[in-house]
Amino acid sequence: MKQFIQSLPKVELHLHIEGTLEPELMFELAARNNITLPFKSFEDVRDAYNFHNLQSFLDIYYQGANVLITEQDFFDLTWAYLLRCKNDNVVHTEIFFDPQTHTERGISFDTVVNGIHNALSKAVEELGITSQLIMCFLRHLDEESAFTTLNQSLEHKDKIVAVGLDSSENGNPASKFERVFKAATKEGFLAVAHAGEEGEASNIREALDLLQITRIDHGVRCSDDESLVKELAMQRTPLTVCPLSNIKLKVFDNMEEHNIVALLRKNVCVTINSDDPAYFGGYMTDNFMAVSNAHEMSKAEIAQFTFNAIEASFIPQREKNRLMMINKAYLENN
Ligand code: HPA
Ligand code: ZN
């Protein structure tokens, strides 16, 4: 099964580029930028990655991002992730970035987006990996800051396909961002939002009702509301699920209790993603393997996660058809 999963062509739809900062690169960038880290060794860093909920992770994650200063830093971060994609046979990836994490520290929007974009362009040429970029608003910040960010993004519309919403779910409802999402979709951006990660199932309904989103990030708490699960299945509303993240942040006690396979079998369009792999202990193959080790599944069911991701992606229909054909052939021959 490991070989089948490793070589299966995969599509990632929920990946925070800041969450791919491995301790080794964190130290390298800190040295390059004369920044003192509160850690002495790689082990020290990994020891700090003992989270008990979403907020305890976010505190460390924002601290790590402080080493990212120059366009080259953002390029190096993104390129390192793309090499992991190549290793895991991820053929298409839709990447989140958090502009406010950087603009709040005095780094310009242009520096961030250009560094990431240049790595993504190089990956099309040199690695054969395609991608899209999704700009997330931080929900713990206010509406005005989100509007400022939206305005900064307008001259980079050619590089950004969608807006998203991440950071602390509890206490920061979708309603806080209804107007900024309306403005963003009017500008032609597609929209997604984190909801129902550790917050209630009603947050998923609210995000769908208020934000004009075409998929939900996480959304695993939908299982608390059976009628919502039925609606999600009927509408084929995609959920970008992140199994290892959910265990690390204690959304589920263990992988055996994770609901992703049950949702798959109810025809919900669930996908497997890595979220913040440097912090949660695994990239795409690791996430697929963790689910497969805890739940007995056929190869066709495992491949269905990729069929769902192709269906849920923001690529043109012709390209979706091409990827579907490649995956069908892979499943038939393996
Ligand atoms: N949830 C909310 N905010 C985030 C996450 C997440 O899983 N990862 C990075 N920012
Ligand atoms: Zn996320």
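The structure under discussion appears in the preceding block.
For the structure given in this document, a descriptive report is provided here.

1. A few points about the coordination of the zinc ion (ligand 2)
Inference 1: Binding of the zinc ion (ligand 2) to the protein goes through His14 (NE2), His16 (NE2), His194 (NE2) and Asp275 (OD), at separations of 2.0 to 2.3 Å.
Inference 2: Given four donor atoms and angles of 82 to 174 degrees at the metal, the environment of the zinc ion (ligand 2) is assigned as irregular.
Inference 3: Site description for the zinc ion (ligand 2): donor spacing in sequence, H-x1-H-x177-H-x80-D. With a gap of 180 residues between them, His14 in strand β1 (residues 10-16) and His194 in strand β5 (residues 190-195) connect regions that are remote in the sequence. We note that His14, like His194, is buried.

2. Regarding the site of ligand 1
Inference 1: In the vicinity of ligand 1, the contacting residues are His16, Leu54, Phe57, Leu58, Tyr61, Asp166, Ser167, His194, Glu197, His218, Asp275 and Asp276.
Inference 2: Between ligand 1 and His218, the relevant distance is 3.1 Å, taken from an oxygen atom to a side-chain nitrogen or oxygen of the residue.
Inference 3: The contact in question runs from a nitrogen atom of ligand 1 to an N or O atom on the side chain of Asp276, over 2.7 Å.
Inference 4: Relative to its unbound accessible surface of 260 Å², ligand 1 loses 100% to contact with the protein.
Inference 5: Among the elements that line the shell around ligand 1, the one with the most residues is helix α4 (residues 54-64), at four residues.

3. Focus on helix α17 (residues 317-333)
Inference 1: In this model α17 runs 24 Å from its N-terminal to its C-terminal C-alpha over 17 residues, within 8% of the 24 Å that 1.5 Å per residue would give.
Inference 2: Those residues of α17 lying buried are Lys320, Leu323, Asn327 and Tyr330. One side of α17 carries all its buried residues, which in axial view fall inside an arc of 90 degrees. Exposed and facing more than 90 degrees away from the buried side of α17 are Arg318, Met325, Glu332 and Asn333.
Inference 3: Structurally, α17 contributes buried residues whose contacts are with α1 (2-7), β1, β2 (90-97) and α16 (299-312).

4. Concerning the nonpolar core
Inference 1: Core analysis: the largest hydrophobic core is formed by 104 residues, its most contacted members being Phe97, Phe181 and Tyr279.
Inference 2: Ranked by the residues each element gives to this core, the list is headed by helix α7 (residues 109-127), at eight residues.
Inference 3: Listed in part, the nine residues of the second largest apolar core include Leu13, Ala309, Ile310 and Ala312.

5. Section: the pairing of β2
Inference 1: Burial within β2 is extensive, with eight of its eight residues counted as buried.
Inference 2: In the sheet, β1 pairs with β2 via five bridges, with the strands oriented parallel. Residue Glu12 lies in a different strand from β2, and its bridge partner there is Thr93.
Inference 3: Pairing analysis gives six bridges linking β2 to strand β3 (residues 130-138), with the strands arranged parallel. Paired with Thr93 across the bridge in β3 is Ser131.

6. With respect to the pairing of β3
Inference 1: Burial of β3 is extensive: seven of the nine residues sit out of reach of the surface.
Inference 2: Two strands pair when backbone bridges link them, and β3 and strand β4 (residues 162-166) are joined in this way by five bridges, in the parallel orientation. Bridging from a neighbouring strand, Phe137 pairs with Leu165 of β4.

7. Considering the side chain of Glu22
Inference 1: With respect to the element layout, Glu22 can be found in the loop between β1 and α2 (23-32).
Inference 2: Among the polar contacts made by the side chain of Glu22, one reaches the side chain of Arg84 at a distance of 3.5 Å.
Inference 3: The contacts of Glu22, once residues within four sequence positions are left out, are Arg46, Arg84, Ala278 and Tyr283.

8. Side note on the pattern of salt bridges
Inference 1: For the structure on display, the rule yields 18 salt bridges.
Inference 2: Here Arg46 makes a salt bridge to Glu22, at a shortest N to O gap of 3.5 Å. Taken together, the residues span a long stretch of sequence, with Arg46 in helix α3 (residues 42-48) and Glu22 in the loop between β1 and α2 at a distance of 24 residues.
Inference 3: For Arg46, a relative accessible area of 39% translates into the label partly exposed.
Inference 4: For Glu22, a relative accessible area of 15% puts it in the buried group.
Inference 5: Here the salt bridges do not stand alone but share partners, grouping Glu22, Glu24, Arg46 and Arg84 into one network.

9. Things to note about unusual backbone geometry
Inference 1: Phi is positive for His218, which is not a glycine, with a value near 75 degrees.
Inference 2: When you line up the elements, His218 lands in strand β6 (residues 215-218).
Inference 3: With phi around 65 degrees, Lys250 is a residue other than glycine that occupies positive phi space.
Inference 4: For Lys250, a relative accessible area of 54% puts it in the exposed group.

10. Concerning the sheet that holds β1
Inference 1: Spatial ordering of the open sheet is given by β1-β2-β3-β4-β5-β6-β7-β8, a layout of eight strands whose pairing is parallel. Edge strands, defined here as strands with exactly one partner in the open sheet, are β1 and β8 (270-272). If you compare each strand with its neighbour and ignore which way they point, the axes differ by 25 degrees on average.
Inference 2: Sheet topology places β6 next to strand β7 (residues 239-241); two bridges connect them, and they run parallel. Looking at β7, one finds that Ile216 is bridged to Leu239.

Calculation rules
- Residues numbered from 1 in each chain as written.
- Chains lettered and ligands numbered in written order.
- Predicted model: local features only at pLDDT ≥ 70, side-chain atom pairs only at ≥ 80, totals over all residues.
- Heavy atoms only, no water.
- Donors = N, O, S within 2.8 Å, 3.2 Å for Na, K, Ca; no water.
- Tetrahedral: all angles 85-135°; square planar, octahedral: opposite > 155°, others 65-115°.
- Helix = DSSP H or I, 4+ residues; strand = E, 2+ residues; numbered from the N terminus.
- Buried < 20%, exposed > 50% of the residue type's maximum accessible area, 1.4 Å probe, protein only.
- Near = heavy atom within 4 Å.
- Polar contact = N/O pair within 3.5 Å; in protein donor to acceptor, adjacent residues only side chain to side chain.
- Areas by Shrake-Rupley, 256 points an atom, 1.4 Å probe, with all protein chains shown as cover.
- Expected span 1.5 Å × (residues − 1).
- Arc of directions from axis to C-beta.
- Contact = heavy atoms within 4.5 Å.
- Core = buried A, V, L, I, M, F, W, Y, C linked by side-chain atoms within 4.5 Å.
- Pairing = 2+ DSSP bridges.
- Salt bridge = Lys/Arg side-chain N within 4 Å of Asp/Glu carboxyl O.
- Axes fitted to C-alpha atoms, helices over the stretch in contact; angles between N-to-C directions.

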